[in-house]
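An overview of the molecular structure
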Amino acid sequence: MTQSLDMLVETPSQTAGPYVHIGCIPTFAGVEGIYPQDLGLSPIEDGAKGQIVTITGSVFDGTGWAMRDAMIESWQADAAGRYAGQEGADPNVSGFCRFAADKDSGQFTLRTVKPGAVANRDGSVMAPHITLWIVARGINIGLHTRLYFEDENNDQDPLLARIEQRHRVDTLLARKTGEGSYHFDIRLQGEGETVFLDI
Amino acid sequence: MSDQKPLMPRRREVHPLPYWPDYKTSVARSPSLPLLSMESTTSEETGPRFGHSTLGPLDNNLIENYTQGAAKAVGERVRLHGRVMDETGRPVAGTLVEIWQANAGGRYRHIKDTYFAPLDPNFGGCGRTITDDAGYYEFMTIRPGAYPWPNRANDWRPMHVHFSIFGPTFGQRLITQCYFQGDPLIDLCPIAATIRDRSQLDRLVAALDMQNSRGMDYLAYKFDIVLRGRRQTMFENRPEGM
Ligand SMILES: [Fe+2]
């Protein structure tokens, strides 16, 4: 016998199910009047510093179908690479957003500021990126991934550097489609499967 | 940044299998390649904060919040409460807890729910609260009904309440479900069965809590939640590789 480690164990996940919108974005789901507005409608407020960007895309299942029921949360730094709560962070950037696939087309849209490069505890610097967390019916534990920008310098990014199959890095790069607009698809399975993170 | 700490790695073995053929939707929605594992970074070690100003007075009362107190939802009155802690046992204070559930007949107020059990005009089906300094939360609600769902021909979800918990950092984000003690449908549910270790599934079953129930009013169920912990050491700021 040894001493006890005295640790608790994380509560197991369960799927968010088809009705996650009721709990997280009820107004979007048509359940109106309980909250004045849905949480995380926008990651920025008027006056946020930096370039406003609009990112569109879809979440595809393993058959290539654009899922109509996915919900995504995003978390990002401000244009200077600081997260809300950190010293000097832009007060107009909450950094958090909730958005859902359109129930008819499956397309999502995220309007935000382009984040800056972010410093780590060890002094390394991460290229500008947005953390994404995807939940839906059939996803038993929320999927973490990241969106980087193809027009930024991603060469020194410590996370991208760990991807052995270099062509898979592309699955984390948003494509520039115009000034301030990007496209980013998420593929849960199969050809072009997005790199998901255990982090 | 001085309070930033690395997250303890997620113990994937306590979590559900992403691919579980009996839960048919998971077949095409589970990654087939391994996850990329690495130590948490600033992006996971920070997270959104939601203050009490976010909340309305009835937000954690699902019996009354849909009508803003004008009328009460039908169903067995339940107080659902517990604590949010992390793996180190510390309370997770000031964190947002959101729930959603079916009404007493097993019907969700959602455009995609076509089950013919009737909607309750006085029940919306969502609530939220923020944990206190001890990590404690509570909701007043009604016991959700079990419901059939399109999977295999005769699958039924046990009574359950969906929970969404933030924790202080985005890497601790968790969505799960709370079941109710004694429900025979838990053993038959392919979604519950995605958790392969029965002792872990048992941790999602809220216990009937008579000591916190109130006669002639409500039954209490206790549902504690544990989030990932954060490693605490003075040796964390060395460059990688040392
Ligand atoms: Fe459900």
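Look up a bit, the structure's there.
About the criteria used
- Each chain carries its own residue numbering, running from 1 in the direction its sequence is written.
- To read the labels, note that chains go from A and ligands from 1, taken in the order they are written.
- The predicted nature of this model means local features are confined to residues of pLDDT at least 70 and side-chain atom pairs, given and counted, to a pLDDT of 80 or more, with totals for whole chains, interfaces and linings taken over all residues.
- Elements are defined by DSSP. Helices are runs of H or I of four residues or more, strands are runs of E of two residues or more, and each kind is numbered from the N terminus.
- Here the globule rule reads 2.2 Å times residues to the power 0.38, and the radius of gyration is calculated from C-alpha atoms.
- With C-beta atoms placed from the backbone, the exposure class of a residue follows from how many other C-beta atoms lie within 10 Å of its own: 20 or more, buried; 12 or fewer, exposed; in between, partly exposed.
- In this description, a residue-residue contact is defined by the distance between C-beta atoms placed from the backbone, which must lie within 7 Å.
- The classification used treats Ala, Val, Leu, Ile, Met, Phe, Trp, Tyr, Cys and Pro as nonpolar, Asp, Glu, Lys and Arg as charged, and all other residues, Gly among them, as polar.
- Strand pairing is assigned whenever DSSP identifies at least 2 bridges connecting the two strands.
- Note on terminology: a nonpolar core is any set of buried Ala, Val, Leu, Ile, Met, Phe, Trp, Tyr and Cys residues joined through C-beta atoms within 7 Å.

Scanning chain B from N- to C-terminus turns up 2 helices and 12 strands. Going from the N terminus to the C terminus, chain B shows its helices and strands as β-α-β-β-β-β-β-β-β-β-α-β-β-β. Computed over its C-alpha atoms, the radius of gyration of chain B comes to 19 Å, within 12% of the 18 Å expected for a compact globule of 242 residues. Along the longest, intermediate and shortest principal axes, the C-alpha atoms of chain B span 60 × 40 × 35 Å.

On a plain count of helices and strands, chain A comes out with 1 helix and 12 strands. Start at the N end of chain A and walk to the C end: the helices and strands fall as α-β-β-β-β-β-β-β-β-β-β-β-β. Here the C-alpha atoms of chain A give a radius of gyration of 18 Å, agreeing with the 16 Å that 2.2 N^0.38 yields for 199 residues. Here chain A, with 199 residues, has 50% of them falling under the buried criterion. Long-range pairs, those at least 24 residues apart, make up 67% of the contacts in chain A between residues at least 6 apart in sequence.

The next point concerns the interface of chain A and chain B. When the parts of a complex come together, some accessible area is lost, and that lost area is often taken as the interface size. Each partner contributes residues to the interface: chain A has 63 residues there, and chain B has 73 residues. Of all the elements in the fold, those that place two or more residues in the side of chain A that touches chain B are helix 1 (20-24), strand 5 (118-119), strand 7 (129-135) and strand 12 (197-198) of chain A. Looking at side-chain class alone, the side of chain A that touches chain B contains 33 nonpolar, 22 polar and 8 charged residues. Of the strand pairs in this sheet, strand 12 of chain A and strand 1 (residues 36-37) of chain B are connected by 2 bridges, and their pairing is parallel. Bridge pairing links Asp198 of chain A to Ser37 of chain B in strand 1 of chain B.

What follows deals with the environment of Cys189 of chain B. Looking at the secondary structure, you find Cys189 of chain B in the loop between strand 9 (174-180) and helix 2 (198-202). Apart from the residues within four sequence positions on either side, Cys189 of chain B is in contact with Arg157 and Pro158 of chain B.

The next thing to look at is unusual backbone geometry. The backbone phi angle of Asp6 of chain A is positive, close to 60°, even though this residue is not glycine. Looking at where Asp6 of chain A falls in the secondary structure, it is placed in the segment before helix 1.

Turning our eyes to something else, we now look at the pairing of strand 8 (residues 143-149) of chain A. Note on strand geometry: in a regular strand, side chains alternate between the two faces of the sheet. Residues and elements named next belong to chain A. Among the 7 residues of strand 8, 7 are classified as buried, and the element is accordingly described as predominantly covered. Residues of strand 8 alternate between two faces, with Leu143, Thr145, Leu147 and Phe149 on one and His144, Arg146 and Tyr148 on the opposite face, all of them buried. Note that strand 7 and strand 8 share 6 bridges and pair antiparallel. Bridged to Trp133 within strand 8 is His144.

A few words on the nonpolar core. Counting 106 residues, the largest nonpolar core has Ala70, Met71 and Ile134 of chain A as the members making the most contacts within it. Ignoring anything within four residues of it in the chain, the contact list for Ala70 of chain A reads Val59, Ala100, Ala101, Ile134 and Ala136 of chain A.

Let us look at the environment of Gly145 of chain B. All names here are of chain B. Assignment of secondary structure puts Gly145 in the loop between strand 5 (136-142) and strand 6 (147-149). For Gly145, a count of 18 C-beta atoms within 10 Å translates into the label partly exposed. Distance from Gly145 to Ile111, taken between C-alpha atoms, is 18 Å for residues 34 residues apart in sequence. Apart from the residues lying within four places of it in its own chain, the contact partners of Gly145 are Ala102, Asn103, Ala104, Gly105, Gly106, Ala117 and Met159.

Residue and element names in this part refer to chain B. The buried fraction of strand 2 (residues 77-86) amounts to 7 of the 10 residues, a majority that puts the element mostly inside the structure. Note that strand 2 and strand 5 share 7 bridges and pair antiparallel. From the neighbouring strand, Leu80 faces strand 5, where its bridge partner is Phe139. Here 4 bridges tie strand 2 to strand 11 (residues 219-222), and the two strands are oriented parallel to one another. Note that in strand 11 the partner of Leu80 across the bridge is Tyr221.

Moving on: the environment of Met8 of chain B. Residues and elements named next belong to chain B. Position of Met8 among the secondary structure elements: in the segment before strand 1. Residue classification places Met8 among the partly exposed residues on the basis of 19 C-beta atoms within 10 Å. Considered as a pair, Met8 and Gly171 are 163 residues apart in the sequence and their alpha carbons are 9.7 Å apart.

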